[in-house]
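The primary structure of each chain is shown beneath.
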Amino acid sequence: MSAKTHKGGSHHETAADHHETAAHHHHEAAKHYESGDHEKAGHHAHVAHAHGLHAAHHGQEAAKHHAEQHAEHDDD
């Protein structure tokens with residue numbers, strides 16, 4: 001069964017997307033911090049943190065779906 005047909009697969013993709021976006025904003029925060037623009041750095045750090053939280057949520061949802069899938073197979 002592919003990751004896309006497994007109901008947790010979309011959560012893996014979404015988590016990965018949020019991790020990538022968070023990384024981008026961390027890089028932007030670092031760039032602005034180094035140039036002395038602490039307001040923009042703070043904005044990007046805040047956005048990065050939010051995407052990190054979303055990534056963690058989707059990772060937990062994916063793990064929950066995996067556990068449910070294995071529980072279904074264990075009942076057979």
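Computed from a predicted model, the values in this text were never measured in an experiment. (Residues numbered from 1 in each chain as written. Predicted model: local features only at pLDDT ≥ 70, side-chain atom pairs only at ≥ 80, totals over all residues. Heavy atoms only, no water.)

(A) Highlighting the overall build of the protein chain. In terms of helices and strands, the protein chain carries two helices and zero strands. Scored against the burial criterion, the 76 residues of the protein chain give a buried share of 28%. By element, 56% of the accessible surface of the protein chain is carried by carbon and sulfur atoms, the whole surface being about 5,300 Å². (Helix = DSSP H or I, 4+ residues; strand = E, 2+ residues; numbered from the N terminus. Buried < 20%, exposed > 50% of the residue type's maximum accessible area, 1.4 Å probe, protein only. Areas by Shrake-Rupley, 256 points an atom, 1.4 Å probe, with all protein chains shown as cover.)

(B) Region of the structure containing the pattern of salt bridges. In this structure the tally under the stated criterion is two salt bridges. Lys31 is the salt-bridge partner of Glu28, the closest N and O atoms lying 3.1 Å from each other. Highlighted residues: Glu28 and Lys31, both in helix 1 (residues 9–34), separated by three residues, approximately one helical turn. The salt bridge partner of Glu61 is Lys64, with a shortest N-O separation of 3.2 Å. (Salt bridge = Lys/Arg side-chain N within 4 Å of Asp/Glu carboxyl O.)

(C) Layout of helix 1. The first and last C-alpha atoms of helix 1 sit 38 Å apart over 26 residues, in line with the 38 Å expected at 1.5 Å per residue. Three or more residues of helix 1 are buried, namely Gly9, His11, Ala15, His18, Ala22, His25, Glu28, Ala29 and His32. Among the residues trailing helix 1, Gly36 stands out with phi positive, at a value near 95°. (Expected span 1.5 Å × (residues − 1).)

(D) Inspection of the side chain of His18 at higher detail. Position of His18 relative to the elements: it lies in helix 1. Apart from the residues within four sequence positions on either side, His18 is in contact with His51, His54, Ala55 and His58. (Contact = heavy atoms within 4.5 Å.)

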